[in-house]
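Geometric and topological summary
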Amino acid sequence: MRILLWAEFQKLRRSNIIIFTIFATILIAVIVLVSGITGQLAINSAGWYMTITQVWATMFVLPAVIALLGSYMICREEQDDTLKSLQLIPVNETKLTVAKMTVALLFSILIYLLLFLITFLTEAALHFSDLSMTVFFDFLKMYLLEGIGVFFAVSPIIALVPYLKKSYWLALVLAEVYSFSGLFMSMSKALKTFYPITAIFGVSGYYETTIQSRGCSLGILVLCGCISALLLKNLNHRQKE
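Residues numbered from 1 in each chain as written. Predicted model: local features only at pLDDT ≥ 70, side-chain atom pairs only at ≥ 80, totals over all residues. Heavy atoms only, no water.

Counting its secondary structure elements, the chain contains twelve helices and zero strands. Listing the helices and strands of the chain from first to last along the sequence gives α-α-α-α-α-α-α-α-α-α-α-α. Counting every position in the chain, which comprises 241 residues, the buried fraction comes to 46%. Expressed as a percentage of contacts within the chain between residues at least 6 apart in sequence, the contacts between residues at least 24 apart total 77%. A total accessible area of about 12400 Å² is found for the chain, and carbon and sulfur atoms account for 70% of it. (Helix = DSSP H or I, 4+ residues; strand = E, 2+ residues; numbered from the N terminus. Buried < 20%, exposed > 50% of the residue type's maximum accessible area, 1.4 Å probe, protein only. Contact = heavy atoms within 4.5 Å. Areas by Shrake-Rupley, 256 points an atom, 1.4 Å probe, with all protein chains shown as cover.)

Here's what the structure looks like:
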């Protein structure tokens with residue numbers, strides 16, 4: 001498994017999608033900062049920047065970027081016409097798929113950690129005296145859980161695109177619509193608990209919610225992971241045939 005993980009990381013190093021992902025992460029952080037400074041909110045309110053950036057990033061940008069990255073990893077061999085050559089090598093396709101999804105999960109976490117680093121350093125420059133270790137670890141936990149949650153929320157899209165034999169860019173479009181819809185789902189107390197994108201906020205602690213609702217949100221994200229696993233299992237079975 002370590003060799004497969006290493007191989008997937010090496011493939012991504014040669015891909016422009018990583019640059020696109022980092023650029024999108026930095027861009028959303030800059031946009032929120034500029035809008036905050038324009039409205040005098042980021043300057044006067046400690047913690048505002050770290051709070052709002054994670055919401056904007058999750059509602060508008062990062063789920064689509066992570067879905068694109070994951071689908072690219074799953075689709076690239078078939079779309080680059082290298083799948084047949086890969087099948088000649090005695091590689092367990094299930095392990096290969098697990099390695100790809102694991103790398104996608106790790107990148108989702110790393111993207112959110114990068115976003116946290118940008119926002120925290122900006123907050124430190126603006127409100128250093130108002131920050132504390134408690135604030136640091138509370139937001140670190142929130143960003144880390146959102147990185148994990150976003151991966152599970154978009155994992156069905158990551159698996160669906162190659163299953164339908166479509167271009168991995170479709171994942172970007174589907175995930176963008178999927179995440180943007182979270183704005184409307186968040187208006188309902190019930191829907192925001194069960195809609196995967198807004199369920200992320202309940203699990204991470206951004207929403208103040210009950211233990212029962214948090215458990216339901218966590219269950220929804222786990223269900224998303226199970227759905228993607230079934231789709232990928234059927235995909236591997238179909239490719240063997």
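From this point, the discussion proceeds with the structure in view.
Bringing the packing of helix 7 (residues 133–163) against helix 8 (residues 169–180) into the picture now. Axes are the key here: two packed helices are described by the angle between their axes and the distance separating the axes. Here helix 7 crosses helix 8 at 150°, and the two axes come no closer than 10 Å. As the angle between them shows, helix 7 and helix 8 are arranged roughly antiparallel. For the element pair helix 7 and helix 8, the recorded crossing hand is right-handed. Residue-level contacts link Ala-153, Val-154, Ile-157 and Val-161 of helix 7 to Leu-170, Ala-171, Leu-174, Ala-175 and Tyr-178 of helix 8. Partitioned by chemical class, the residues of the contact of helix 7 with helix 8 number nine nonpolar, no polar and no charged. (Axes fitted to C-alpha atoms, helices over the stretch in contact; angles between N-to-C directions. Parallel < 35°, antiparallel > 145°, perpendicular 65-115°, else oblique. Left-handed = near helix turned anticlockwise from the far one by under 90°. Nonpolar A, V, L, I, M, F, W, Y, C, P; charged D, E, K, R; others polar.)

The next subject is the packing of aromatic side chains. Throughout the structure, instances matching the rule amount to 16 aromatic pairs. Between Phe-116 and Phe-120, the ring centres sit 5.8 Å apart and the planes meet at 25°, which makes this aromatic pair stacked. Highlighted residues: Phe-116 and Phe-120, both in helix 6 (residues 93–127), separated by four residues, approximately one helical turn. A residue is classified by how much of its surface remains accessible, and Phe-116, at 5% relative accessible area, is buried. (Phe/Tyr/Trp six-rings, centres within 6.5 Å; stacked < 30°, edge-to-face > 60°.)

Take the packing of helix 6 against helix 7 next. Across the interface, helix 6 lies against helix 7 with an axial gap of 8 Å and an inter-helix angle of 145°. Helix 7 is crossed by helix 6, and the crossing has right-handed handedness. Counting all contacts with helix 6, which are made through Met-101, Ala-104, Leu-105, Ser-108, Ile-109, Tyr-112, Leu-113, Leu-115, Phe-116, Thr-119 and Phe-120, the residues of helix 7 involved are Phe-136, Phe-139, Leu-140, Tyr-143, Leu-144, Glu-146, Gly-147, Ile-148, Val-150, Phe-151, Ser-155 and Ile-158. Here the residues of the contact of helix 6 with helix 7 are counted per class, giving 18 nonpolar, four polar and one charged.

This part takes up helix 8. Helix length check: helix 8, at twelve residues, gives a terminal C-alpha distance of 17 Å against a target of 16 Å (1.5 Å per residue), a fit within 8%. Ala-171, Ala-175, Tyr-178 and Ser-179 are the residues of helix 8 that are buried. Buried residues along helix 8 cover an arc of 90° about the axis, so they all sit on one side. (Expected span 1.5 Å × (residues − 1). Arc of directions from axis to C-beta.)

Looking now at the nonpolar core. Within the largest apolar cluster, 61 residues are counted, with the highest numbers of intra-cluster contacts made by Leu-12, Leu-62 and Tyr-178. Sorting the residues of this core by element identifies helix 2 (16–38), helix 4 (48–79), helix 6, helix 7, helix 8, helix 11 (196–204) and helix 12 (211–240) as the ones contributing at least two each. Ranked by the residues each element gives to this core, the list is headed by helix 4, at 18 residues. If we skip the residues at most four places from it in the chain, Leu-62 touches Thr-25, Ala-57, Ile-111, Tyr-112 and Leu-115. (Core = buried A, V, L, I, M, F, W, Y, C linked by side-chain atoms within 4.5 Å.)

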